[in-house]
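Chain by chain, the residues run as shown.
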Amino acid sequence: MARTPDYTPKRGMSRDELQLRIRQVALFAAILISGGLSSIPRLPLLALLLVLCFALTNPMRALKAEFAGIWILLLATGAAALLGGESFQLVPMAIRYANFIGGVVLLMIYIDRPPRTIADDLYLILKLMAFQAILTPILALVAPGIFWTFQVQETTYQTFLYIFTYHEFVADATFFKRPDGFFFEPGVLQMYLNVFLFICLFLRRFSAFNIGLATLAVIATQSTTGAVILVMLYGVAYLRFLKTAGRMQKLAVFILGPILLLPVAAYASYNLAEKFYGEFSGSAQAREYDLRTGLNVVMEKPLTGIGFDYEYYFDVAEQVGYRDVELSRDNITERSNSNGIVTLLYSIGIPLGLVFLWGTMFQRLFRPRWLFGALILLSMTSEALFFSPFVLLIVFSGLLIPTRTATARNKRAPSRGRPAHA
């Protein structure tokens, strides 16, 4: 009599796998709030983020002692905005504090996790975004007919399935279109792609494919800020590897490293030249206008800032804005500031702004701390995203107050693998 083969029924998703998926969806929602799909309003995304985070952790956790510094900062931020603003504006204040809460609850789900959990959670999301960035210009070149248009205010976007999206800054200025990803412009996308490159270089085992994928994705955005960050990450990875490699490895890397990095440096140089002197020189002029005008607004109320109301910013910028610029009147009238650092400073003042910058540089979620902090700060020079949940997650992690319980918890937490260049 033939034996019936053993049958083991498939198990459902384990608790750990379910929690992983919930965290990844929460992260993706936070990422989309950073200027995400225009077809998905930010309020439902924020609501989704809160629901998912509270499904994983007790909301009362945020009242523990280690969060005290964050709440004090947020109370001081609200007070500064009220003192510096022209009048109390409920909607701008509510939007900012909704994002602040989003950053806090996102931090709550990672504070008790082992080191590099957030890097592991982000890895798949950002890898898919890297493919998205590379495929967008390819599809736009070989199959332009599959794209359709949609309008956001005065900007016309080309999209295929709202996944592969781009818009042209200067008509027909580039052979390859610049991908927007899920965002309103490539400058936001480059930040997340450089985070992916950071993870591949410093937090996962060496993979030439993943590093190459991340590099090509950043290059596809044609972002000047992205190019600068790309060179910085490669430079630090090169120096760290020289310190830890064996004698023969050091010799090989010392000789071959500059040769392999030459194309990256050439791309960065070309990009900088185009942005300052080429077809896209208007972009550099706009960035200069934002920087100088923003600093002038900062100096109007350096201690408290002017609050979160954009209309008030437009009024002040009209009075003190930088004039020596080759931009048309239409380009600078009611132009929101693209520099995230000066936006931070003119919103809440220099003293509190420095606390946010401190939290960024001393964040606790990614190592090397200073390098990841520099990645975020450099990205903020061209994108006003300091008050978005993902960036706030980074900032608030650097403002946690060390407690005896937290220290014991971190010692018990097991590490997950080791970085490529430990």
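Note that the structure is predicted; figures quoted are calculated from it, not measured.

**Concerning the overall build of the protein chain**
Now for step 1: Looking only at helices and strands, the protein chain features 17 helices and 3 strands.
Now for step 2: For the protein chain, with 422 residues in total, the buried portion stands at 51%.
Now for step 3: Counted over contacts in the protein chain with a minimum sequence separation of 6, partners at least 24 positions apart contribute 74%.

**Observations regarding the environment of Ile394**
Now for step 1: Within the secondary structure, Ile394 sits in helix α16 (residues 389–397).
Now for step 2: Owing to a relative accessible area of 0%, Ile394 belongs among the buried residues under this scheme.

**Focus: the packing of helix α1 (residues 15–33) against helix α5 (residues 117–142)**
Now for step 1: At a minimum axis distance of 10 Å, the contact between α1 and α5 shows a crossing angle of 70 degrees. One element, α1, and the other, α5, form an angle in the roughly perpendicular class. Note on packing geometry: the crossing formed by α1 with α5 is right-handed. Every residue of α5 that contacts α1 at Leu20, Arg23, Gln24, Leu27, Phe28 and Ile31 is listed here: Thr117, Ile118, Asp120, Asp121, Leu122, Leu124, Ile125 and Leu126.
Now for step 2: Split into classes, the residues belonging to the contact of α1 with α5 amount to 9 nonpolar, 2 polar and 3 charged.

**With respect to the pattern of salt bridges**
A pair can form between side chains of opposite charge whenever their charged atoms are brought close.
Now for step 1: Considering all chains together, one arrives at 7 salt bridges under this definition.
Now for step 2: Its salt-bridge partner being Glu288, residue Arg292 comes within 3.1 Å of it at the nearest N-O pair. Placement of both Arg292 and Glu288 in helix α10 (residues 281–300) is noted, with a separation of 4 residues, approximately one turn of the helix.
Now for step 3: The class for Glu288 is partly exposed, based on a relative accessible area of 32%.
Now for step 4: Three or more residues are tied together by salt bridges with common partners; here these are Arg61, Glu66 and Asp112.

**With respect to the sheet that holds strand β3 (residues 164–166)**
Picture the strands of a sheet paired through backbone hydrogen bonds; they go either parallel or antiparallel.
Now for step 1: Strand order in the open sheet made by the 3 strands is β1-β2-β3, with antiparallel pairing throughout. Bordering the open sheet on either side are β1 (148–152) and β3, each of which pairs with just one other strand. Here the average twist between neighbouring strands, direction ignored, is 30 degrees.
Now for step 2: Sheet analysis places strand β2 (residues 155–160) next to β3, joined by 3 bridges and oriented antiparallel. Counted as the bridge partner of Thr159 is Thr165 from β3.

**Overview of helix α4 (residues 90–108)**
Now for step 1: Here α4 spans 27 Å end to end across 19 residues, near enough to the 27 Å set by a 1.5 Å rise per residue.
Now for step 2: Residues of α4 that are buried: Pro92, Met93, Arg96, Asn99, Phe100, Gly102, Gly103, Val104, Val105, Leu106, Leu107 and Met108.
Now for step 3: Its buried side turned inward, α4 meets α1, α2 (42–56), α3 (68–84), α11 (310–320), α14 (350–361) and α16.

**Things to note about the environment of Arg113**
Now for step 1: Turning to its location among the elements, Arg113 is positioned in the loop between α4 and α5.
Now for step 2: Here Arg113 falls in the partly exposed class, since its relative accessible area comes to 24%.
Now for step 3: If near-sequence neighbours (up to four positions away) are discounted, Arg113 is found in contact with Gln19 and Arg23.
Now for step 4: Side-chain polar atoms of Arg113 contact the side chain of Gln19, separated by 3.4 Å.

**A short note on the confidence of the model for the protein chain**
Now for step 1: Considering every residue of the protein chain, the mean pLDDT works out to 84; 82% of them sit at 70 or more.
Now for step 2: For the protein chain, per-element mean pLDDT is lowest for helix α17 (residues 404–412), which scores 54, and highest for α14, which scores 97.
Now for step 3: Segment residues 414–422 is flagged for pLDDT under 50; beyond a separation of four residues in sequence, or across chains, it makes 27 contacts in the model.

Scoring rules and cut-offs
- Residues numbered from 1 in each chain as written.
- Predicted model: local features only at pLDDT ≥ 70, side-chain atom pairs only at ≥ 80, totals over all residues.
- Heavy atoms only, no water.
- Helix = DSSP H or I, 4+ residues; strand = E, 2+ residues; numbered from the N terminus.
- Buried < 20%, exposed > 50% of the residue type's maximum accessible area, 1.4 Å probe, protein only.
- Contact = heavy atoms within 4.5 Å.
- Axes fitted to C-alpha atoms, helices over the stretch in contact; angles between N-to-C directions.
- Parallel < 35°, antiparallel > 145°, perpendicular 65-115°, else oblique.
- Left-handed = near helix turned anticlockwise from the far one by under 90°.
- Nonpolar A, V, L, I, M, F, W, Y, C, P; charged D, E, K, R; others polar.
- Salt bridge = Lys/Arg side-chain N within 4 Å of Asp/Glu carboxyl O.
- Pairing = 2+ DSSP bridges.
- Expected span 1.5 Å × (residues − 1).
- Polar contact = N/O pair within 3.5 Å; in protein donor to acceptor, adjacent residues only side chain to side chain.
- pLDDT = per-residue confidence, 0-100.

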